[in-house]
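Given next are the chains, with one letter for each unit.
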Amino acid sequence: MALMTAANVRTGYIRTLTGTAEDSKIVALVSRFDALAAEWCGFPYPDSTTLPTFEAATYTLYPEPSLLDGRVLPLGFWPVISVTSVHVDPDRDYGATDAVAASDYDTDTARGELILRPDATDTWSTALRANRVIISGGYSAIPGAIAHACGMQVAHWFKHPEAISATSSSAHGKSIQLNPYELLPAVREALVPFQVTATP
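The following refers to the structure shown. Just so we're clear, the structure is a prediction, and the values are computed from it rather than from any experiment.

Topic: the pattern of salt bridges
Tallied over the full model, the rule gives five salt bridges. Among the ionic pairs, Arg10 bridges to Asp23, the shortest N-O distance being 2.7 Å. Within this pair, whereas Arg10 is found in helix α1 (residues 6-13), its partner Asp23 is found in helix α2 (residues 23-40), the two being separated by 13 residues in sequence. Assigned by exposure class, Arg10 and Asp23 land together as buried. Between Arg117 and Asp106 there is a salt bridge whose closest N-O contact spans 2.7 Å. Taken as a pair, Arg117 in the loop between β5 (113-116) and β6 (131-137) and Asp106 in strand β4 (residues 105-108) lie far apart in primary sequence, 11 residues in all.

Laid out in structure tokens, this is it:
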């Protein structure tokens, strides 16, 4: 599922377009936004692609337990849609005998944490890459704020294609350096709540 369809972008953000002739270009720009904005928000690279994405994907993570509470395992990524498997193995074989039973922990999907239950028989390990967690994460339904940010940025790129490859611009006799991959200030502001670089 893409962040937005070409039709959504056309009707909401590029209203001068009346047909579908430019849809392939819009779709490409939506994909570019997804990768760039997800990386800006700190999303990790999923298992199945070489680019970050807001869309639901599979992730293999190797988190370390919280220094404040050893029963908490912060994944460093959210939202979590579902947990596929959890292993604790300092030898990093991750076999069946190293699997943590789902009944031993609770999942805080919004904060991206696994929390051992009081009666759990397992403990998280502090050894390097000993805790392996495979999850489905990201957004199965794209939040409206991300879609809006996407529409604004894609419309900007579409209306100002020279901005995509430009490295500098002159105005009023002055030259300024540009980052061709920079997100618009309003877009960055809309995306701040979705950053995963700090606990929400």
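Quick look at helix α3 (residues 144-159)
Here α3 is 16 residues long and its end C-alpha atoms lie 22 Å apart, about the 22 Å a rise of 1.5 Å per residue gives. When α3 is considered as a whole, its buried residues turn out to be Ile146, Ala147, Ala149, Cys150, Gly151, Gln153, Val154, Ala155, Trp157 and Phe158.

Remarks on the packing of aromatic side chains
Evaluated as defined, the whole model comprises six aromatic pairs. Residues Phe43 and Phe77 carry aromatic rings whose centres are separated by 5.2 Å and whose planes lie at 85 degrees to one another, so their mutual orientation is edge-to-face. With Phe43 in the loop between α2 and β1 (57-61) and Phe77 in the loop between β2 (72-74) and β3 (80-88), this residue pair connects regions lying 34 residues apart in the sequence. Judged by its relative accessible area of 1%, Phe77 is buried. Among the aromatic residues, those joined into a ring-pair cluster are Phe43, Phe54, Tyr59, Phe77, Tyr139 and Phe194. When the ring centre of Trp157 is taken as origin, the NZ or CZ atom of Arg32, which lies over that ring, is 5.8 Å away. Residue placement shows Arg129 over the ring face of Tyr62; its charged tip is 3.8 Å from the ring centre.

Rules of the game
Residues numbered from 1 in each chain as written. Predicted model: local features only at pLDDT ≥ 70, side-chain atom pairs only at ≥ 80, totals over all residues. Heavy atoms only, no water. Salt bridge = Lys/Arg side-chain N within 4 Å of Asp/Glu carboxyl O. Helix = DSSP H or I, 4+ residues; strand = E, 2+ residues; numbered from the N terminus. Buried < 20%, exposed > 50% of the residue type's maximum accessible area, 1.4 Å probe, protein only. Expected span 1.5 Å × (residues − 1). Phe/Tyr/Trp six-rings, centres within 6.5 Å; stacked < 30°, edge-to-face > 60°. Lys NZ or Arg CZ within 6 Å of the ring centre and 35° of its normal.

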